[in-house]
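These are the residues of each chain, in order.
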Amino acid sequence: MKNAIIIYSRVHSLEPLFLKGMDIYASILAAKKEVKQLQNLSTDLISVTEKSPESWIAMGYYCAASGNKATRAVYFAQRAFQLDQRNVQALLLKGSVLKEIGKTQDALLHYREAVRLAPNRFEAHKGVVECLMKAGRIREAITTATNTCKVLGNTARCITLVAAVLSKDRLSKDKAKTMLERALTLDSTFLEATYILTELYMEERNFDAAMALLRKHLFHISTCRLHQMLGDCLAASNEHIDAIDQYNIALSLDNKNKKARDGLERVEKSRDNLDPGVDDDMEGMEESGEDVDYDASDAEASWVDGSEWY
C-alpha cells in the first residue's frame, strides 16, 4: 500500500489534471489515515472539475476520514454515483460510511451492487461479508466468504476473510487458526491475518505464541495496532515496563488510538497500586532509625535474581 501511495502521488504531481484512478488513490489515503494528503488531493481535484466522480469521491473520503462528517461523505458519494452510475468506488465509499454509522442493511445493498458491477473487486465482497456479520447472519457470511474464494481464488486475503467469520463461531475457532496460518504461509506479511490470529492466541491465553507472531512482523513493519497488541500481551504477562514501552510507541504512531491509551492507563494504574506499599516500608525503616545488616553474598545473590527480571 505504501508503494501504491508513492506511485499515485508521483502521477498526481506530474499530471495534476489527470483524474483516472484518483478515486482509488483517495481510498488508499483514507485507509492509511493520511488526512492531510487526502485534504490536499480532494481540494486539487475539485478545483480541476466538479463534473468528474473522482473529485466527489475524494471529497467523500476526506469527510469520512476527518470524523463526524458521515452525512457529507454519503452526500458526496451519492453525487459521484449520479455522475457515473457504474462507478464502483462511489458504491464502496457510500457502503463503508453507511456501515460505520450503523445503517447495515443500506450498506449491504450498496456492497451487493458493487459486487454485481465488479465481481473481481475484493473490497466489495468483504463489505458484504462484514455487513452480514454485523447483522448476526454468520452462516450466510460464511457461505458468502467461501464463494469469494471460489470467485477470486485462494489468496491470503480471501482465506483470511473466511477465517475472520469462522473466528466468531466458538466451535470453528480451531479451523479459523488453521486457515490463518495457511494465509500467512501464502503471504507472511499479510497484517489482517496476523491481527486475527493474534486475537485467537490471546483468547486462549497463549501469550507466548501471540508475542512471537507480533515480534516477527514488527521486525519488518511497525504499525500502531501491532505495538498495541504486543503491549496487551506483555501487560497480561505482567511485563509492565515493556508493555508501557509498546503502548507509548503505538501512541506515537497514532495518538488517538483508544486501545493503546486505555492499556497504558491500566498498566500505570496497576503499577501505582503496587508502589505505595514499597514506599511505606522504606519510610518505616527510615523512621525507626534501625540499621539493617546484610551479608555481602546475600546482596550479590539478590542482584543476580533481580537481573533475571529485566
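Shown above is the structure to which this text applies.
About the thresholds
Residues numbered from 1 in each chain as written. Predicted model: local features only at pLDDT ≥ 70, side-chain atom pairs only at ≥ 80, totals over all residues. Heavy atoms only, no water. Core = buried A, V, L, I, M, F, W, Y, C linked by side-chain atoms within 4.5 Å. Buried < 20%, exposed > 50% of the residue type's maximum accessible area, 1.4 Å probe, protein only. Helix = DSSP H or I, 4+ residues; strand = E, 2+ residues; numbered from the N terminus. Contact = heavy atoms within 4.5 Å. Phe/Tyr/Trp six-rings, centres within 6.5 Å; stacked < 30°, edge-to-face > 60°. Lys NZ or Arg CZ within 6 Å of the ring centre and 35° of its normal. Axes fitted to C-alpha atoms, helices over the stretch in contact; angles between N-to-C directions. Parallel < 35°, antiparallel > 145°, perpendicular 65-115°, else oblique. Left-handed = near helix turned anticlockwise from the far one by under 90°. Nonpolar A, V, L, I, M, F, W, Y, C, P; charged D, E, K, R; others polar.

## Here we look at the nonpolar core
Line of reasoning, step 1. Grouped together as the largest cluster of nonpolar side chains are 91 residues, with contacts concentrated most on L38, L41, Y61, V129, V165, L180 and Y247.
Line of reasoning, step 2. Looking at this core element by element, the count peaks at nine residues for helix α10 (residues 156-166).
Line of reasoning, step 3. Apart from the residues within four sequence positions on either side, L38 is in contact with A26, L29, A30, A58, Y61, Y62 and A65.

## Here we look at the packing of aromatic side chains
Line of reasoning, step 1. A full pass over the atoms with the stated rule returns three aromatic pairs.
Line of reasoning, step 2. Look at Y8 and Y25: their rings are 5.4 Å apart centre to centre, the planes differ by 15 degrees, and that puts the pair in the stacked class. Here Y8, found in helix α1 (residues 2-14), pairs with Y25, found in helix α2 (residues 22-31); they are 17 residues apart in sequence, far enough to count as distant.
Line of reasoning, step 3. When its relative accessible area of 22% is taken as the criterion, Y8 is described as partly exposed.
Line of reasoning, step 4. Owing to a relative accessible area of 4%, Y25 belongs among the buried residues under this scheme.
Line of reasoning, step 5. Look at W56 and F76: their rings are 5.6 Å apart centre to centre, the planes differ by 25 degrees, and that puts the pair in the stacked class. With W56 in helix α4 (residues 53-66) and F76 in helix α5 (residues 70-83), this residue pair connects regions lying 20 residues apart in the sequence.
Line of reasoning, step 6. Judged by relative accessible area, which is 7%, F76 ranks as buried.
Line of reasoning, step 7. By way of ring pairs, the aromatic residues W56, Y75 and F76 are connected into one cluster.
Line of reasoning, step 8. The ring of Y195 is capped by R225, whose NZ or CZ atom sits 4.2 Å from the centre of that ring.

## Details of the packing of helix α13 (residues 207-218) against helix α14 (residues 224-236)
Line of reasoning, step 1. Closest axis-to-axis distance for the α13/α14 pair is 10 Å, and the angle between their directions is 150 degrees. By the angle between their directions, the pair α13 and α14 is classed as roughly antiparallel. Regarding α13 and α14, the two cross each other, and that crossing is left-handed. Residue-level contacts link F207, A210, M211, L214, R215, H217 and L218 of α13 to L226, H227, M229, L230, C233, L234 and A236 of α14.
Line of reasoning, step 2. Among the residues forming the contact of α13 with α14, the class breakdown is 11 nonpolar, two polar and one charged.

Geometric descriptors of this kind do not, in isolation, establish any biological role.
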